[in-house]
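Each chain, written out:
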Amino acid sequence: MFGIIRPCRHRLSETMRTEWMAHLCGLCLALKGDHGQLARIATNYDGLVISVLVEAQSSRADGPEGAAAWRRTAGPCPLRGMRSAPVARGEGARLAASVSLVLASAKMRDHVADGDGMLARRPVAAAARRVAAVWDRAGARTGSELGFDTAVLVDAVERQAGLEALATAGTPLLEVTEPTETATAAAFGYTAVLAGRPGNREPLEEAGRLFGRLAHLLDAVEDLDEDARTGAWNPIAATGAPLDEVRRLCDDAVHGVRLALRDVEFASKAQGRLAHILLAHELERSVDRAFGASGCATGGGHEHRGDHAHAPEGSYAPYGAPPMPPPPGPPRPPRRRRGLIAGCAVWTGMFCTGQICCRDPYPDPWTGESREGWCAKCADKCDGCDGCNNCDSCCDCCNCCGGDGGGCDCGCDGCGCDC
């Protein structure tokens, strides 16, 4: 799993967390449905933003029929504790799959060129190149079915290598990030076409361009030490850009995305809420996390405050925090218990996928009740809202924390949330 948007569960309400997971699982299953099991490893946190944007702009009918057009019930999955769940479906998920596949193939070729890990071995590198070529063709095929020409993505990938070869000390960083910006601008902009809102295309292309800049720069920041150790190419080291300048570029990009979103017309405020949370608020968190300015002690960042143990690398950020208190309401009917053998099989699968350790809360394999993940025993609260766990965004959090942003680090004024 790669990507810069990795929201901590403290900052998402139950509703928004369910929506976020629906798009993530929808992307994964769209990759499987169109391109086979192997393609599922291209699932990434940032790709689901494409699916979110398409759905946020699309008009839908009221009632169960409208909901059925955008959701389907997926079968049990080990990453969900072998439980079924509603997942995103339709053109948004397929476009996200197409874009993710093409960009994942580019990332794979980049690792091959750098000789990272096992890819330094010729047989492994040759196999990776063949997989990347298959993914390029598969992504182009799905994109063509949706009317999206992935050639702009492939062209950007091909130009990237040439620009990196020419980059020297003093080369502006934005010259190196331009291909990534162009690719993400095209993907973001086409969500407006797919949703039937062509007027949104220009502001979404601007938001996508800046999102691509952030993705490129933050990836470089997070890999800087490792690339220096292994001798891999890194745009920051190659251009000699100081980190304070990189941080300025990132902060400007975050601000630019927020300004662009103001000009985007979503189908409704409710439908646009998740897109707003991810692009107006979580992007800022991503920058802070990459530069070590803040982090989530539950595994959502590289820097952890206090003397808490670090979560394992690759841990699932949305589940790395203490469980939220259940909302008041009538008691739920008792869950059907699994038998001894079935429960043990599910426990083994959850343990091997890291859920027993890193997912918190995780469903008990036998009863389905919430259990505290092992990592939660040494984790502190997230660096977000202080005690406000029932809001849908930082805006609502400011409001429920007293109307003046007390306890919330979200940069908004009361419930106005001017972003």
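Below you will find a few notes about this structure. (Residues numbered from 1 in each chain as written. Predicted model: local features only at pLDDT ≥ 70, side-chain atom pairs only at ≥ 80, totals over all residues. Heavy atoms only, no water.)

Geometrically, a pair of aromatic rings is defined through the distance of the ring centres and the angle of the planes. All told, the structure shown has 3 aromatic pairs when counted by the stated rule. Taking the centre distance of 5.8 Å and the plane angle of 20° together, the rings of Trp20 and Tyr45 count as stacked. Pair noted here: Trp20 is in helix α1 (residues 14-35) and Tyr45 is in the loop between α1 and α2 (48-57), with a separation of 25 residues, a long-range link. Residue classification places Trp20 among the buried positions, given a relative accessible area of 0%. Its relative accessible area of 3% is what places Tyr45 among the buried residues. Both rings, one in Phe148 and one in Tyr190, keep their centres 5.2 Å apart while their planes meet at 40°; by these two values the pair is tilted. Here Phe148, found in the loop between α5 (122-145) and α6 (151-166), pairs with Tyr190, found in helix α7 (residues 173-194); they are 42 residues apart in sequence, far enough to count as distant. The exposure class of Phe148 is buried, given its relative accessible area of 6%. Assessed through its relative accessible area of 10%, Tyr190 is described here as buried. (Phe/Tyr/Trp six-rings, centres within 6.5 Å; stacked < 30°, edge-to-face > 60°. Helix = DSSP H or I, 4+ residues; strand = E, 2+ residues; numbered from the N terminus. Buried < 20%, exposed > 50% of the residue type's maximum accessible area, 1.4 Å probe, protein only.)

Quick look at the pairing of strand β2 (residues 83-88) now. Each regular strand displays side chains that alternate between the two surfaces of the sheet. Bridge analysis of strand β1 (residues 71-77) against β2 gives 5 bridges, and the strand direction is antiparallel. From the neighbouring strand, Arg72 faces β2, where its bridge partner is Val87. (Pairing = 2+ DSSP bridges.)

Over its 24 residues, helix α4 (residues 91-114) runs 35 Å from end to end, which matches the ideal 34 Å to within 8%, given 1.5 Å per residue. Phi for Gly115, located one or two positions after α4, is positive at around 65°. (Expected span 1.5 Å × (residues − 1).)

Let us now look at the environment of Thr168. Residue placement: Thr168 occurs in the loop between α6 and α7. For Thr168, a relative accessible area of 45% translates into the label partly exposed. Considering only alpha carbons, one finds Thr168 and Gly240, 72 residues apart in sequence, at a separation of 7.9 Å. If we skip the residues at most four places from it in the chain, Thr168 touches Ala238 and Thr239. (Contact = heavy atoms within 4.5 Å.)

This part covers the environment of Pro203. Along the polypeptide, Pro203 turns up in helix α8 (residues 201-230). When the C-alpha atoms of Pro203 and Leu261 are compared, they prove to be 6.8 Å apart, with 58 residues separating the residues in sequence. Beyond its immediate sequence surroundings of up to four residues, Pro203 is in contact with Ala260, Asp263 and Val264.

Take α2 next. Of all 10 residues in α2, 10 are buried, a share of seventy percent or more. All of the buried residues along α2 are Leu48, Val49, Ile50, Ser51, Val52, Leu53, Val54, Glu55, Ala56 and Gln57.

We now examine the side chain of Thr171. In this structure, Thr171 sits in the loop between α6 and α7. When near neighbours in sequence (up to four residues on either side) are disregarded, Thr171 contacts Leu166 and Thr239.

This brings us to the nonpolar core. Leu95, Phe188, Leu214, Leu279 and Leu283 are the most contacted members of the largest nonpolar core, which totals 84 residues. In terms of residue count, the dominant contributor to this core is α8 (11 residues). Those residues in contact with Leu95 that lie beyond four places of it in its chain are Ile50, Val54, Leu146, Phe148, Tyr190, Thr191 and Leu194. (Core = buried A, V, L, I, M, F, W, Y, C linked by side-chain atoms within 4.5 Å.)

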